[in-house]
Amino acid sequence: MAATLAGLAASGKAAQRLSPHRTAVYVRLTAGRKDPHTMRNDLPLPDLKPWIRPGDRIVWSQAAGEPLTLIEALIAQRAELGPLGVFMGASFTDLIQSEHADHIRFASFGAIGQLRRMTRAGVLDVIPCHVSRIAHYIAAGEIGCDVAMVQVSPIGPNGLHSFGVTNDYVQAAVAKARIVIAEVNAQVPFTWGDGYLAPERIDLRVDSDRPVAQVPAPPIGAHDIAIAQAAARFIGDGATLQMGVGAAPDALLRLVADRRDLGVHSGMIGDAVIELIEKGAVTNARKPFDQGITVTGALIGTDRLYRFADRNPELVVRSSAYVQDEARLAALPDFVTVNTAVEVDLTGQVNAEQVGGDYLGGTGGQADYVRAGHRSPGGHAIIALPATAKGGTQSRIVLHLTSGVTTARTDVDVVVTEFGSAELRAQPFRERARRLTAIAHPDFREALERDAHELMRRGY
């Protein structure tokens, strides 16, 4: 562990040397009441007018890494500051409302978390893109970033601020921005990673002391357990895992607690991963790189996860340039990726974004991870979803997708529902249709077989 810590600290010093000198303005917010349900507070808000110009394009860190105080200030002052553009990722608080689009044009890579209501109101521009490409788009100016607003930890043992619970594309935003506004939250854990924020890179520093956004695990139901049981058989000792957060992923992690030497290399992790680490199932011992280290791009959970990560060299939060790097993923043997979908058609095409008029998800990192799991020696790429939607009245195994394709059928490997698994690798269209129909809900199988008659006759 000492050697690991020394290496991480050395990388932090390198980041500091590369940071240009800034003279920061400090605002310290030390009093106020926090509402644990809305994440709002009555702290005084910093004045952003000296820093943000009309027409500026703002990028802020996402998910549990949202800089809540800075967002509150921007919203409160938007009429004086605007018009503005904002690019944001997933959001798990209710700070952003559709009426805030009067002076701000919002954009995101998906409608994840609380952003679904923004798409329904028609005030969120969805940019279909892989999460792995966002940092590249920011660097190239294709996603504009005049101002970066980030939440960071207090200064850590390397003399730098860490990006705390979310790294992904934040470093790219900081590197590109004219102005960097940092909320230094005393409750954000210091996490080791592949880049840090030097104090002299900050233009406006706002000190706060408020809870990090809490994303507790949802209750696990019988369907989640059944889906997890179908997926668990593809995970053996020594596998490296990538998965999201939610009831079915949590159920799956519980079922593989008897495996040995599991690894984790995932765009996000939740509290359930900590249980596997504490039980000794996750050791990361067999990975060809990052041995002994759990790697993620974002922590999305509760204080239990955040406390575990604090100054822990065996859990690192790195940028998407590292976590989703194609060459690095290709080097992982026994890599098992688990992602979800809105629906899957009988040829294996996956829609993880939209049903009818509702945009529900996003491209995210699914395509990158599906390809990596599919190509990994001994690995698998699993798409896991319930067989039905809308209270059992609508099949999620369908003849034709109702919206666009998130993951191509050429990349899809295994699809699981609570009724079993369909292995599609190297299978022709007819066999794919048979296998997918077999894991649909029994109430819909006859209709699917009837609707697929022409596919079965032609063979495509």
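Residues numbered from 1 in each chain as written. Predicted model: local features only at pLDDT ≥ 70, side-chain atom pairs only at ≥ 80, totals over all residues. Heavy atoms only, no water.

Student: Just to check I follow, could you spell out the overall build of the protein for this structure?
Tutor: Helix and strand counts for the protein come out as 16 helices and 23 strands. A compact globule built from 460 residues should have a C-alpha radius of gyration of about 23 Å, and the protein, at 22 Å, falls within 12% of that. Each principal axis of the C-alpha distribution contributes one length, and for the protein these read about 70 × 50 × 40 Å. Taken across its 460 residues, the protein has 57% of its residues classed as buried. Surface summary for the protein: the accessible area is close to 18100 Å², and the carbon and sulfur share equals 51%. Side chains of the protein carry 47 positive and 50 negative charges; the gap between the two charge centres is 3 Å. (Helix = DSSP H or I, 4+ residues; strand = E, 2+ residues; numbered from the N terminus. Rg over C-alpha atoms; globule rule 2.2 N^0.38 Å. Buried < 20%, exposed > 50% of the residue type's maximum accessible area, 1.4 Å probe, protein only. Areas by Shrake-Rupley, 256 points an atom, 1.4 Å probe, with all protein chains shown as cover. Lys, Arg positive; Asp, Glu negative; His and termini not counted. Charge placed at Lys NZ, Arg CZ, Asp CG, Glu CD.)

Student: Mind showing me how you'd approach the side chain of Arg-259 here?
Tutor: Mapped onto the fold, Arg-259 is located in the loop between helix H8 (247-255) and strand S10 (263-266). Within the local environment of Arg-259, its side chain forms a polar contact with the backbone oxygen of Ala-232, the two atoms lying 2.9 Å apart. With residues near it in sequence (within four places) discarded, Arg-259 still touches Ala-232, Ile-235, Gly-236, Asp-237 and Ala-281. (Polar contact = N/O pair within 3.5 Å; in protein donor to acceptor, adjacent residues only side chain to side chain. Contact = heavy atoms within 4.5 Å.)

Student: Would you explain helix H14 (residues 429-438) in this entry?
Tutor: Spacing of three or four residues puts side chains on the same side of an α-helix, whose turn is 3.6 residues. Of the positions making up H14, those classed as buried are Arg-432, Ala-433, Leu-436 and Thr-437. The buried side chains of H14 occupy one side of the element, clustering within an arc of 125° when seen end-on. For H14, the elements touching its buried residues are strand S14 (343-345), strand S21 (397-398), strand S22 (414-417), strand S23 (420-423), helix H15 (442-451) and helix H16 (453-458). (Arc of directions from axis to C-beta.)

Student: What should I look at first to understand the nonpolar core in this one?
Tutor: Nonpolar side chains in soluble globular proteins tend to be buried together. Of all hydrophobic cores here, the largest spans 40 residues; its most connected members are Ile-235, Leu-241, Leu-252, Leu-262, Leu-299, Ile-382 and Val-416. No other element matches the five residues that helix H7 (residues 222-232) contributes to this core. With sequence-adjacent residues up to four places away left out, Leu-252 is seen in contact with Ala-228, Ala-231, Ala-232, Ile-235, Met-243 and Val-338. (Core = buried A, V, L, I, M, F, W, Y, C linked by side-chain atoms within 4.5 Å.)

Student: Got a minute to help me understand the pattern of salt bridges in this structure?
Tutor: Pairs may arise between side chains of opposite charge once their charged atoms sit close together. For the structure shown, the criterion picks out 23 salt bridges. Note that Arg-286 is salt-bridged to Asp-261, the shortest N-O span being 3.4 Å. Placement of the pair is Arg-286 in the loop between helix H9 (271-279) and strand S11 (294-296) and Asp-261 in the loop between H8 and S10, with a sequence separation of 25 residues. Asp-261 sits in the partly exposed class, given a relative accessible area of 24%. In this structure, the salt-bridge partner of Arg-434 is Glu-431, at a minimum N-O distance of 3.2 Å. Residue Arg-434 and its partner Glu-431 are located together in helix H14, separated by three residues, close to a single helical turn. (Salt bridge = Lys/Arg side-chain N within 4 Å of Asp/Glu carboxyl O.)

Student: Teacher, can you tell me more about the sheet that holds S11 here?
Tutor: One key point about sheets: their strands pair by backbone hydrogen bonds, in either a parallel or an antiparallel sense. Spatial strand order, S12-S11-S10-S9-S13-S18-S22-S23: eight strands in an open sheet with mixed pairing. Bordering the open sheet on either side are strand S12 (315-317) and S23, each of which pairs with just one other strand. Averaged over all pairs of adjacent strands, the angle between strand axes in this sheet comes to 20°, irrespective of strand direction. Sheet topology places strand S9 (residues 240-243) next to S10; two bridges connect them, and they run parallel. (Pairing = 2+ DSSP bridges. Axes fitted to C-alpha atoms, helices over the stretch in contact; angles between N-to-C directions.)

Student: Mind showing me how you'd approach the sheet that holds S14 here?
Tutor: As summarised here, the arrangement of the three strands in space is S15-S14-S21, forming an open sheet in which the pairing is mixed. The open sheet has two edge strands with one neighbour each: strand S15 (350-351) and S21. Across two bridges, S14 lies against S15 in antiparallel orientation. The residue bridging Val-344 from the neighbouring strand is Val-350, located in S15.

Student: For this particular structure, what's the right way to read the pairing of strand S2 (residues 57-60)?
Tutor: Moving residue by residue along a regular strand, the side chains alternate between the two faces of the sheet. One ladder, built from three bridges, connects S2 with strand S3 (residues 84-88); its direction is parallel. In the sheet register, Val-59 faces S3, and the bridge partner there is Phe-87.

Student: I keep staring at the packing of aromatic side chains and nothing clicks. Help me out?
Tutor: For any pair of aromatic rings, the description consists of the separation of the ring centres together with the inter-plane angle of the planes. A complete count under the given rule lists five aromatic pairs for this structure. Centroid distance Phe-87 to Tyr-169: 5.8 Å. Interplanar angle 65°. Geometry classified as edge-to-face. Residue Phe-87 is located in strand S3, and its partner Tyr-169 is located in the loop between strand S6 (147-152) and helix H6 (170-176); the two are separated by 82 residues in the primary sequence. Taken as a pair, Phe-87 and Tyr-169 share a single burial class, namely buried. Ring pairing ties together the aromatic residues Phe-190, Trp-192 and Tyr-196, which thus form one cluster. The ring centre of Phe-190 lies 6.0 Å from the NZ or CZ of Arg-311, which sits over that ring. The ring of Tyr-460 carries the charged tip of Arg-458 above its face, separated from the ring centre by 4.8 Å. (Phe/Tyr/Trp six-rings, centres within 6.5 Å; stacked < 30°, edge-to-face > 60°. Lys NZ or Arg CZ within 6 Å of the ring centre and 35° of its normal.)

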